[in-house]
Amino acid sequence: MQTKYVFVTGGVVSSLGKGLATSSIGALLRARGYRVTAVKIDPYINVDAGTMRPYEHGEVFVTSDGAETDLDLGTYERFLDVPMSRANNVTTGQVYQSVIEKERRGSYLSQTVQVIPHVTDEIKGRIREAGEAAHAEIVLVEIGGTVGDIESLPFLEAVRQMRFEAGPGNCVYLHVTLLPFLGTSEEFKTKPTQHSVATLRGVGVQPDGIILRSNSPVPDEVRSKIALFTNVEARDVFNSFDTEFIYAVPEILEQQGIGRFLERRLDLEKLTPELRAWHEAVRILRAPDERVVIGIVGKYVAMPDAYLSLMEALKHAGIANRARVDFRWINAEAVLGDDLGALAGLDGILVPGGFGVRGIEGKVRAATYARTEGVPYLGICLGMQIAVIEYARNVAGLEAANSTEFDPYTPHPVVDLMPEQLDLADMGGTMRLGNWPMMVTPGTKLAELYAGQLGSDGTNGGTVLERHRHRYEVNPAYVETLQVAGLTVSGVTPGMQGRGAGLVEAVELPDHPFFVGLQSHPEFGSRLMRASPPFRGFIEAAVSYQGARAREHAAARA
Ligand code: GLN
C-alpha cells in the first residue's frame with residue numbers, strides 16, 4: 001500500500017488540543033489494524049525542546065532513542081501505542097541546520113539555496129523518512145502553531161506540495177479550530193473558523209475536514225453553517241467538545257463518523273475498529289471503585305503540563321487498580337519547617353523529576369514525612385535523589401548531605417555529577433538520555449513489580465529498559481554507607497565501564513509499605529492499558545494505605 005498522510009493544522013488560537021485530535025485519529029486508525037506513526041512539526045528555531053522552559057512549553061518528552069521532544073509525542077505514544085523516535089519531531093531549527101550544512105558541503109552545487117524548493121524538500125524528506133523508519137502505512141503530521149503564523153509557512157507549503165505529489169486518495173487535510181461560545185448572545189460563533197479556513201486556503205490548502213473545539217456539543221445548524229462557508233461537507237465537520245477524560249476523545253470522534261471520513265478520503269477499506277479494551281479503560285475512569293489523592297510535590301505545580309506524562313502514568317496506574325487518581329499540587333517551596341499541613345490527608349506522595357535548587361528542602365521534608373509516617377512514596381529521578389539525600393541526613397547520620405547540584409560545598413556529596421558530564425560545554429542534548437538498562441535486585445519490591453518483564457528465562461538477565469534524563473547520580477562512594485544504614489539498592493546499571501557495581505538506578509525501604517525511588521522516568525513508557533509497574537505498585541499501595549486509614553478512623557469512632 002502506498003503511504004498515506006493525514007495533515008492536521010490548527011486555527012484561531014494555540015493550545016487547542018491539536019495533539020489530542022491527532023492522537024485520537026491515530027488511535028482509531030490503529031484500532032483498525034493499520035501501522036501508523038505521527039510527526040510533530042514545531043516551527044520554532046530551537047533544535048529540540050530540551051533547552052526550553054517547562055513553565056512555557058510543558059514537559060520535555062524523552063523518546064527511547066534519547067531525543068528531547070515536544071510533549072505531543074508523549075500523547076502520540078500513549079494513544080497509538082507505538083514508540084516515537086528522534087525522527088518524529090521536526091523543528092525549524094533542525095531543518096535549517098541541515099540545509100545550511102548541506103550548502104556548506106556543496107551538496108546544492110552552485111544553486112541559490114531557497115525556502116522553495118530547498119527548505120520545503122528538506123521538510124518533505126523528513127516527513128517521509130519518519131514514515132519509512134516506522135514502516136508506517138499511514139503517517140499523521142501535526143503542524144504546530146496556528147495558521148497565519150509567519151513561522152509555519154514553509155511547512156504548510158511543504159504539505160501542500162505533498163498532496164500534489166502523493167495524488168488524490170493518499171492525503172487528507174484536517175483543520176482544528178476554536179468555536180467560541182459567547183455567553184452574552186448565547187451562541188457559537190463561526191466567524192473565527194471561517195477566517196482561519198480562508199487563511200489556510202490562501203496558502204493553497206483546502207481542508208477536507210474540520211474539527212471544531214468547543215466547550216459543549218455543537219448543534220447541527222452550526223456545522224451546516226461552517227460547511228457553507230468553508231467548502232467542507234457538513235458530515236465532515238466534527239466536534240471535539242470538552243470532556244473530563246482525554247481518553248474519551250477517540251470515542252467521541254468515532255461516533256461522529258471520523259473513521260468513515262478517513263476511510264473515504266484515504267481510499268481505505270471499511271473496517272470496524274477494535275476498541276473494546278479502550279472502552280473498558282474509559283469506563284473505569286468514569287466509574288472507579290476507589291479514589292485516591294496523590295500529592296505531587298514539585299516546582300512547576302502552577303503548570304500541570306510540565307508533568308503531563310507523570311499524570312497520565314498515574315491515571316493508567318489508577319485504571320489498573322480500578323481507582324480514580326485525584327492530584328493535589330503542592331508547591332515544594334510551601335512545605336516549610338514543621339508545617340506539614342500541605343501533606344496531610346494524602347494517600348501517596350510523589351516527588352517528580354526536576355532541576356535546580358528551588359524547593360529542594362521542601363521535597364526533602366516531604367520524603368521524611370512519607371518515610372516516618374508510612375505514606376506511600378514514589379520518587380522519580382530527582383525524587384529518587386531526594387530520597388537518598390533524606391536518608392543520608394536523617395538515618396545514616398551524614399549531616400548536611402546533599403547533591404552537588406544544590407550545594408557544591410556539601411561535606412557529603414551523596415549525589416554528584418556523573419563523571420562523563422564533567423567537561424561538557426553544550427547544554428542541549430548532552431544529559432544521559434533515553435533507554436538505559438536497569439538490573440533489578442531479586443527479592444525487592446521493584447523485582448516483584450517488574451516480574452512480568454524480567455524474563456525468568458534469563459533472556460534479559462534480570463534487566464528492564466527505562467528512559468532517562470539526568471546529569472547527576474548517587475555517588476558510588478556513599479552506596480555502602482547508605483546500605484549499611486538500611487537503604488536497599490533495588491536496581492543498578494549493569495556493568496557500566498570502569499564503575500564496578502554500576503550506577504544506582506533504584507532504591508527502596510524494606511520496612512515501609514511503599515517507598516521507591518527510580519533514577520529513570522518510567523512514566524514515559526506507561527500506557528492506558530499497560531500501566532508502568534512502579535506506578536501501578538504505587539497506586540496499589542495508596543489504595544491500601546487509604547483503606548487502612550479509613551478502618552482506623554472507623555475504629556476510633558466506634
Ligand atoms: N537534576 C537531576 C539530575 O540532573 C534530576 C534530573 C531529573 O529529575 N530529570 O540528575
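Fair warning: this is a prediction, and the values are worked out from it, not measured in the lab.

Q: Pulling in residues and values, what's your account of the site of the ligand?
A: Neighbouring the ligand are the residues Gly353, Gly354, Phe355, Cys381, Leu382, Gln385, Glu405, Arg469, His470, Arg471, Tyr472 and His521. Between arginine 471 and the ligand, the recorded distance is 3.0 Å, taken from a backbone N or O atom to an oxygen atom. In the model, a nitrogen atom of the ligand is placed 3.1 Å from a nitrogen or oxygen of the histidine 521 side chain. Alone, the ligand offers 290 Å² of accessible surface; in the complex the protein occludes 98% of this. Of all the elements in the fold, those that place two or more residues in the shell around the ligand are α14 (382-394) and β19 (463-470).

Q: How would you explain the UniProt feature "binding site: UTP" (unreviewed entry) in the protein chain if you had to name every residue and give the values?
A: When the UniProt feature table is mapped to this numbering, "binding site: UTP" (unreviewed entry) covers Ser14, Lys189, Thr190, Lys191, Pro192, Thr193, Gln194 and Lys225. The named residues occupy 212 residues along the chain; their greatest pairwise C-alpha distance, 23.3 Å, places them well apart from one another. Within the secondary structure, lysine 189 sits in the loop between β9 (187-188) and α7 (191-202). Overall, lysine 189 belongs to the partly exposed group, its relative accessible area being 29%. Residue contacts for lysine 189: discarding those within four places in its chain leaves Leu179, Pro180 and Leu182. Filtering out sequence-adjacent residues up to four positions away, threonine 193 remains in contact with Val12, Thr177, Leu178, Leu179, Ile210, Leu212 and Ile226.

Q: Explain the sheet that holds strand β6 (residues 138-143) to me, using residue names and the numbers behind them.
A: Consider a sheet: its strands pair through backbone hydrogen bonds, and that pairing is either parallel or antiparallel. Strand order in this open sheet of seven strands is β5-β2-β6-β1-β7-β10-β11, and the pairing throughout is parallel. Of all the strands in the sheet, just β5 (89-91) and β11 (237-241) have a single pairing partner and so form its edges. When strand polarity is set aside, the average angle formed by the axes of neighbouring strands in this sheet is 20 degrees. Where strand β7 (residues 171-178) meets strand β10 (residues 209-214), five bridges bridge the pair, whose relative direction is parallel. Bridge pairing links leucine 174 to glycine 209 in β10. Running at roughly 150 degrees to strand β2 (residues 36-42), helix α5 (residues 115-133) makes contact with β1 (4-11), β2, β5 and β6 of the sheet.

Q: Can you break down the environment of lysine 299 residue by residue, with the values?
A: With respect to the secondary-structure elements, lysine 299 resides in the loop between β12 (290-298) and α12 (308-320). For lysine 299, a relative accessible area of 15% corresponds to the buried category. Counting along the chain gives 244 residues from lysine 299 to tyrosine 55, while the straight-line C-alpha distance between them is 9.6 Å. Not counting chain neighbours up to four residues away, the residues in contact with lysine 299 comprise Tyr55, Tyr307, Phe355, Gly356, Arg358 and Lys363. Within the structure, lysine 299 has its side chain in polar contact with the backbone oxygen of phenylalanine 355 (distance 2.6 Å).

Q: Run through the UniProt feature "binding site: ATP" (unreviewed entry) in the protein chain, naming residues and quoting values.
A: In the numbering used here, UniProt assigns the feature "binding site: ATP" (unreviewed entry) to Ser15, Leu16, Gly17, Lys18, Gly19, Leu20 and Asp72. Annotated residues spanning 58 residues; largest pairwise C-alpha distance 12.1 Å, indicating a single compact cluster. Among the structural elements, glycine 17 can be located in the loop between β1 and α1 (18-30). Beyond its immediate stretch of four places on either side in the chain, leucine 20 contacts Thr75, Phe79, Ile246 and Val249.

Q: Quick rundown of the pairing of β10? Include the residues and the values.
A: The side chains of a regular strand alternate between both faces of the sheet. Of all the six residues making up β10, six are buried; the element is thus mostly covered by neighbouring parts of the structure. Neither face of β10 is left uncovered, since the one carrying Gly209, Ile211 and Arg213 and the one carrying Ile210, Leu212 and Ser214 both have all their residues buried. Inspection of the sheet shows β10 paired to β11 by five bridges, in the parallel sense. Along β11, the bridge assignment pairs isoleucine 211 with phenylalanine 238. Read from β10 through helix α8 (residues 220-230) to β11, the crossover connection turns out right-handed.

Q: Now, about the nonpolar core: what can you tell me, with residues and values included?
A: In this structure, Val6 and Leu29 are the most contacted members of the largest nonpolar core, which totals 47 residues. Considering every element that reaches this core, the biggest residue donor is α1, with six residues. Setting aside chain neighbours within four positions, we find leucine 29 in contact with Tyr34, Val36, Ile138, Leu140, Leu262 and Leu268. With 43 residues, the next largest nonpolar core counts Ala332, Val335, Ile389 and Leu509 among its residues.

Q: Pulling in residues and values, what's your account of the packing of aromatic side chains?
A: Per the counting criterion, the structure on display carries 12 aromatic pairs. Between phenylalanine 79 and tyrosine 247, the aromatic rings sit 5.1 Å apart at their centres with planes inclined by 15 degrees, giving stacked as the arrangement. Of the two residues, phenylalanine 79 sits in helix α3 (residues 72-80) while tyrosine 247 sits in the loop between β11 and α9 (249-255), which places them 168 residues apart along the sequence. A relative accessible area of 3% places phenylalanine 79 in the buried class. For tyrosine 247, a relative accessible area of 1% gives the class buried. Ring plane angle 35 degrees and centroid distance 6.0 Å describe the contact between phenylalanine 327 and tryptophan 329, whose orientation is recorded as tilted. Taken together through their ring pairs, the aromatic side chains of Tyr5, Phe7 and Tyr173 make up a single cluster. Here arginine 432 stacks its cationic end above the ring of tryptophan 436, 4.7 Å away from the centre of that ring.

Q: Residue-level account of the pairing of strand β14 (residues 348-351), with values.
A: Residues Gly348 and Leu350 of β14 are buried on one face, and the alternating residues Ile349 and Val351, pointing to the opposite face, are buried as well. Bridge count between β12 and β14: three bridges; the pairing is parallel. Residue pairing in the sheet places glycine 295 in a bridge with isoleucine 349 of β14. Relative to strand β15 (residues 377-380), β14 runs parallel, the two sharing three bridges. Bridge assignment links leucine 350 to a residue of β15, and that residue is leucine 378. Tracing the backbone out of β14, into helix α13 (residues 360-373) and back to the parallel element β15 gives a crossover that is right-handed.

What counts, and at which threshold
Residues numbered from 1 in each chain as written. Predicted model: local features only at pLDDT ≥ 70, side-chain atom pairs only at ≥ 80, totals over all residues. Heavy atoms only, no water. Near = heavy atom within 4 Å. Polar contact = N/O pair within 3.5 Å; in protein donor to acceptor, adjacent residues only side chain to side chain. Areas by Shrake-Rupley, 256 points an atom, 1.4 Å probe, with all protein chains shown as cover. Helix = DSSP H or I, 4+ residues; strand = E, 2+ residues; numbered from the N terminus. UniProt positions renumbered as here; feature names shortened; annotations may be inferred. Buried < 20%, exposed > 50% of the residue type's maximum accessible area, 1.4 Å probe, protein only. Contact = heavy atoms within 4.5 Å. Pairing = 2+ DSSP bridges. Axes fitted to C-alpha atoms, helices over the stretch in contact; angles between N-to-C directions. Right-handed = clockwise from strand over helix to strand, strands pointing away. Core = buried A, V, L, I, M, F, W, Y, C linked by side-chain atoms within 4.5 Å. Phe/Tyr/Trp six-rings, centres within 6.5 Å; stacked < 30°, edge-to-face > 60°. Lys NZ or Arg CZ within 6 Å of the ring centre and 35° of its normal.

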